[in-house]
Amino acid sequence: MPIPTTSPVSSLVQSLGEFPPESVIFGKSEAMQALRSRMDKVASANVPVLIHGESGTGKDIIARMVHGLSPWKTGPFVKVNCPAIPGTLLESELFGYEKGAFTGAYGMKPGRVEMAHRGTLFLDEISELDMSLQSKLLQLLQDGQFCRIGAQEDKKVEVRIVCATNRQLETEIENGAFRQDLYYRINVVNLFMPPLRERRSDIEMLVHYFLEHYNRKYNCRARALSNELMSVLQKYQWPGNIRELENLIKRYVILGSEDVITSELVVRSEKDMFNPEINLDGPISLKKLTRQATRELERKVILKVLQAHHWNRKQAAKALCISYRALLYKIRDAGLPANRATRPKEEEATEGVAAD
């Protein structure tokens, strides 16, 4: 019975190979500054912390910072990526086993919980734990004890638990997939990671950081992005958050063309063109939604006409029966690239590229 010996590190931390500066991690947005203040207050307290937010927002980095600011920072930081380990192996990975506990257990093996003694245990995507493991984790949180597979006695351990999830655990509780008592145990303090679309003021700083880092890492000399492309990045919805931005900049550095970014963003944006966000909890402004839909329809029409005329803007303006200057304004207002000579075959190839 093979047991994983390593735990995957999130894309952002692993790919950077270094801890990003705090100015890059938190940026300038109010949401991230509030997160920083809250994190500083809870880091020194030996209480469980729940970090929640969409995938790619950097929950792994915040977990490491909580550990680094705690009195147990000299102890181990042990991460378990719950979805990456098959359910049949996750129990032995977490709690270890005794010799002879099952076929293939030729010796005793301590689990991740034991390895995190006097340090931090980080459970990434905790919603993936099955109910039996949730019960064992609840025991650990309640009295600091656990039992190896095949053992007769419980072991005592001192460990701080930090969990992360991209799901709404309240919904998981309603669906019977997550224990309510465990939720209250891990949610003593919660830290919310805002999506990138809610901290657009930080996009430019992140772009510069990733550009400098990957230029250095790959020994490249990719130039700073144009103002037009930066405007496109500011208006994009970023479903993959910081991880998506990082991967786009990485491709740009390696391939050296802004078309690498614009071609992908245009295709991805088209897929979400007619999917307005409607808040059903409050009043709905029909006028605002209609205006938004009209703008999106206009953007799509302009994009299709530009593609049909191979991005010849003068021909596109003539086909749309508007002035050249008006088209330039609408291109800029819609967040479209100002100039792109991508051929249809290349555009078709980009449709198979999914967001990382």
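Our structure's up above, just so we're on the same page.
These notes cover the structure that comes with them. Computed from a predicted structure; not experimentally measured. (Residues numbered from 1 in each chain as written. Predicted model: local features only at pLDDT ≥ 70, side-chain atom pairs only at ≥ 80, totals over all residues. Heavy atoms only, no water.)

1. A look at the overall build of the chain
The helix and strand inventory of the chain stands at 17 helices and 7 strands. Taking the intrachain contacts of the chain between residues at least 6 apart in sequence as the baseline, contacts between residues at least 24 apart amount to 75%. Split by element, the accessible area of the chain, about 18,500 Å² in all, is 51% carbon and sulfur. (Helix = DSSP H or I, 4+ residues; strand = E, 2+ residues; numbered from the N terminus. Contact = heavy atoms within 4.5 Å. Areas by Shrake-Rupley, 256 points an atom, 1.4 Å probe, with all protein chains shown as cover.)

2. Notes on the pairing of strand 7 (residues 189-193)
In strand 7, alternate side chains face the same way, and those of Val 189, Leu 191 and Met 193 are buried while those of Asn 190 and Phe 192 on the opposite face are not. Here strand 1 (residues 49-53) runs beside strand 7; their pairing, made up of 5 bridges, is parallel. The residue of strand 7 that forms the bridge with Val 49 is Val 189. (Buried < 20%, exposed > 50% of the residue type's maximum accessible area, 1.4 Å probe, protein only. Pairing = 2+ DSSP bridges.)

3. A few points about the environment of Asn 187
Following the sequence through the fold, Asn 187 ends up in the loop between helix 9 (180-186) and strand 7. A relative accessible area of 18% places Asn 187 in the buried class. The spacing of Asn 187 and Pro 48 is 139 residues in sequence and 6.7 Å in space, taken between C-alpha atoms.

4. Notes on the packing of aromatic side chains
Inspection of the entire model under this criterion finds 7 aromatic pairs. Summarising the aromatic geometry, the rings of Tyr 236 and Trp 238 are spaced 4.6 Å apart at their centres and angled 85° between planes, so their arrangement reads as edge-to-face. For the residue pair Tyr 236 and Trp 238, the accessibility class agrees, reading buried in each case. When the ring centre of Phe 95 is taken as origin, the NZ or CZ atom of Lys 136, which lies over that ring, is 5.3 Å away. Its end group placed over the ring of Tyr 324, Lys 314 keeps NZ or CZ at 5.9 Å from the ring centre. (Phe/Tyr/Trp six-rings, centres within 6.5 Å; stacked < 30°, edge-to-face > 60°. Lys NZ or Arg CZ within 6 Å of the ring centre and 35° of its normal.)

5. Some details on the sheet that holds strand 6 (residues 159-165)
Spatial ordering of the open sheet is given by 2-3-6-1-7, a layout of 5 strands whose pairing is parallel. Edge positions in the sheet fall to strand 2 (77-81) and strand 7, since each has one partner strand and no second. With strand direction ignored, the average angle separating the axes of adjacent strands in the sheet is 20°. Bridge analysis of strand 3 (residues 119-124) against strand 6 gives 6 bridges, and the strand direction is parallel. By the bridge assignment, Phe 122 is partnered in strand 6 with Val 162. Set on the sheet, helix 3 (residues 30-42) makes contact with strand 1, strand 6 and strand 7; between it and strand 7 the angle comes to about 155°. (Axes fitted to C-alpha atoms, helices over the stretch in contact; angles between N-to-C directions.)

6. Some words on the pairing of strand 6
One face of the sheet, then the other: side chains in a regular strand alternate in exactly this way. For strand 6, the tally of buried residues reaches 7 of 7 residues, placing the bulk of the element in the interior. Judged by which residues are buried, strand 6 turns out to be covered on both faces: Val 159, Ile 161, Cys 163 and Thr 165 on one side and Arg 160, Val 162 and Ala 164 on the other are all buried. Here 4 bridges tie strand 1 to strand 6, and the two strands are oriented parallel to one another. Bridging across to strand 6, His 52 finds its partner in Thr 165.

7. Considering helix 4 (residues 59-68)
Given 3.6 residues per turn, any residue in an α-helix points the same way as the ones three and four places further on. Burial within helix 4 is extensive, with 8 of its 10 residues counted as buried. For helix 4, the complete set of buried residues consists of Lys 59, Asp 60, Ile 61, Ile 62, Ala 63, Met 65, Val 66 and His 67.

8. A short note on a nonpolar patch on the surface
Nonpolar side chains collect at one region of the surface, where Tyr 218, Ile 254 and Leu 255 lie side by side and expose about 300 Å² of accessible area between them. Turning to its location among the elements, Tyr 218 is positioned in the loop between helix 10 (203-217) and helix 11 (227-235). Residue classification places Tyr 218 among the partly exposed positions, given a relative accessible area of 31%. (Patch = residues over 30% accessible without salt bridge, like charges linked within 9 Å, V, L, I, M, F, W, Y side chains within 5 Å. Salt bridge = Lys/Arg side-chain N within 4 Å of Asp/Glu carboxyl O.)

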